[in-house]
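Listed below, chain by chain, are the residues.
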Amino acid sequence: MYDVLIIGAGPAGASAGIFMARAKKKVLILDNDKSGTKKAWAANHYAVMGITGYDVFETGKRQAEKYGAEVKLAEVSAVERSESGFRVTACAEVYESAAVILATGAAKGLARQMGLQMKPGKEEGGPEVIAVDEEGRTSMKGVWAAGICTGQSMHISITSGDGARVAINLLSEWNGRQYVDHDMMC
Ligand SMILES: Cc1cc2nc3c(=O)[nH]c(=O)nc-3n(C[C@H](O)[C@H](O)[C@H](O)COP(=O)(O)OP(=O)(O)OC[C@H]3O[C@@H](n4cnc5c(N)ncnc54)[C@H](O)[C@@H]3O)c2cc1C
């Protein structure tokens, strides 16, 4: 049983995974490796002089793993409610988790299949995006969403920041107070 299962290991999903794993939550990230982000050359990411989309992906996954997240290559085909949270089916495997974060980028089929409320999108990530409240909750209790699947602007700084923001909001909900993740140099 995982605390949180994250669908999508792009900037939004991996960033959410880093924050959840650093908070000592049991995290599984599933990704089907279909993102166009891997083809990017990003020269506009704050404090990074230039990075390939491939490196963004691979470093993001490794960073989440460093703090204990499991990352698996798999396509999620169904997310259903279970007694303890959610039952997630991916490549004939079934996983249980208390919460789910959708970070599926341009792919919204899963969200539609789950019956989540959608809304019109603005950029290429739309015509339709997942409707979320200001914290990142979808219309299904326990399911959160981040990144361009929710209509965030298609930039790595923004989607990675959104994944972090949504993870912090989920952790704050669970803890009953605002969660902060700070380290200091010795
Ligand atoms: C060619 C190109 C160039 C770009 N250049 C720049 C740039 O220079 N600077 C910049 O800031 N931004 C750039 N971007 C935009 C940036 O890549 C996106 O804004 C950002 O990556 C989106 O992050 P995300 O995590 O929301 O989605 P994604 O990065 O798309 O991640 C979503 C992940 O979810 C996976 N997924 C979807 N459905 C499922 C499922 N059912 N099961 C399992 N996995 C699933 C996908 O395969 C994917 O890996 C570029 C994008 C492209 C395509």
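Conventions adopted
- Residues numbered from 1 in each chain as written.
- Predicted model: local features only at pLDDT ≥ 70, side-chain atom pairs only at ≥ 80, totals over all residues.
- UniProt positions renumbered as here; feature names shortened; annotations may be inferred.
- Helix = DSSP H or I, 4+ residues; strand = E, 2+ residues; numbered from the N terminus.
- Rg over C-alpha atoms; globule rule 2.2 N^0.38 Å.
- Buried ≥ 20, exposed ≤ 12 C-beta atoms within 10 Å, placed from the backbone.
- Contact = placed C-beta atoms within 7 Å.
- Core = buried A, V, L, I, M, F, W, Y, C linked by C-beta atoms within 7 Å.
- Axes fitted to C-alpha atoms, helices over the stretch in contact; angles between N-to-C directions.
- Left-handed = near helix turned anticlockwise from the far one by under 90°.
- Near = placed C-beta within 6 Å.
- Nonpolar A, V, L, I, M, F, W, Y, C, P; charged D, E, K, R; others polar.
- Parallel < 35°, antiparallel > 145°, perpendicular 65-115°, else oblique.

An unreviewed UniProt entry lists the protein under the name FAD/NAD(P)-binding domain-containing protein, from Xylanibacillus composti. Checking UniProt for the protein, the heading Subunit (unreviewed entry) contains the comment "Homodimer." Under the heading Cofactor (unreviewed entry), UniProt records this for the protein: "FAD".

J.: Teacher, can you tell me more about the overall build of the protein here?
T.: The helix and strand inventory of the protein stands at four helices and eleven strands. Scaling as 2.2 N^0.38, a compact globule of 186 residues should have a C-alpha radius of gyration of about 16 Å, and the protein matches this with 15 Å. Expressed along its principal axes, the backbone C-alpha trace of the protein runs to roughly 45 × 45 × 30 Å. Across the 186 residues of the protein, 42% fall into the buried class. In the protein, 56% of the contacts between residues at least 6 apart in sequence involve partners at least 24 apart.

J.: How do you make sense of the nonpolar core when you look at a structure like this?
T.: Core analysis: the largest hydrophobic core is formed by 52 residues, its most contacted members being L5, A16, I29, V100, I101 and L102. Broken down by element, the residue count for this core peaks at seven residues, all from helix α1 (residues 11-22). Setting aside residues no more than four positions away along its own chain, I101 makes contact with V4, I6, G13, A16, W144, A145, A146 and V166.

J.: Hey, could you run me through the packing of α1 against helix α4 (residues 156-175) in this one?
T.: Contact pair α1 / α4: the axes reach a minimum separation of 7 Å and the direction vectors enclose 35°. In terms of crossing hand, the pair formed by α1 and α4 is right-handed. Where α1 abuts α4, its residues P11, A12, G13, S15, A16, F19 and M20 lie against I156, T159, S160, D162, G163, A164, V166, A167 and I168.

J.: Please clarify how the site of the ligand should be interpreted in this entry.
T.: What surrounds the ligand is a group of 36 residues, the closest being G8, G10, G36, G105 and G147. For the shell around the ligand, the elements supplying multiple residues, two or more each, are α1, β2 (27-31), β3 (41-42) and α4. Residue classes in the shell around the ligand are distributed as 16 nonpolar, 15 polar and five charged.

J.: For this particular structure, what's the right way to read the packing of α1 against helix α2 (residues 53-66)?
T.: In a pair of packed helices, the angle between the axes and the distance between the axes together describe the arrangement. It is at 8 Å that the axes of α1 and α2 come closest, and there the two elements cross at 20°. Taken together, the axes of α1 and α2 lie roughly parallel to each other. Between α1 and α2 lies a crossing of left-handed hand. Here α1 contributes P11, A14, S15, G17, I18 and A21 to the contact with α2, which in turn contributes V56, G60, K61, Q63 and A64. Residue classes in the contact of α1 with α2 are distributed as six nonpolar, four polar and one charged.

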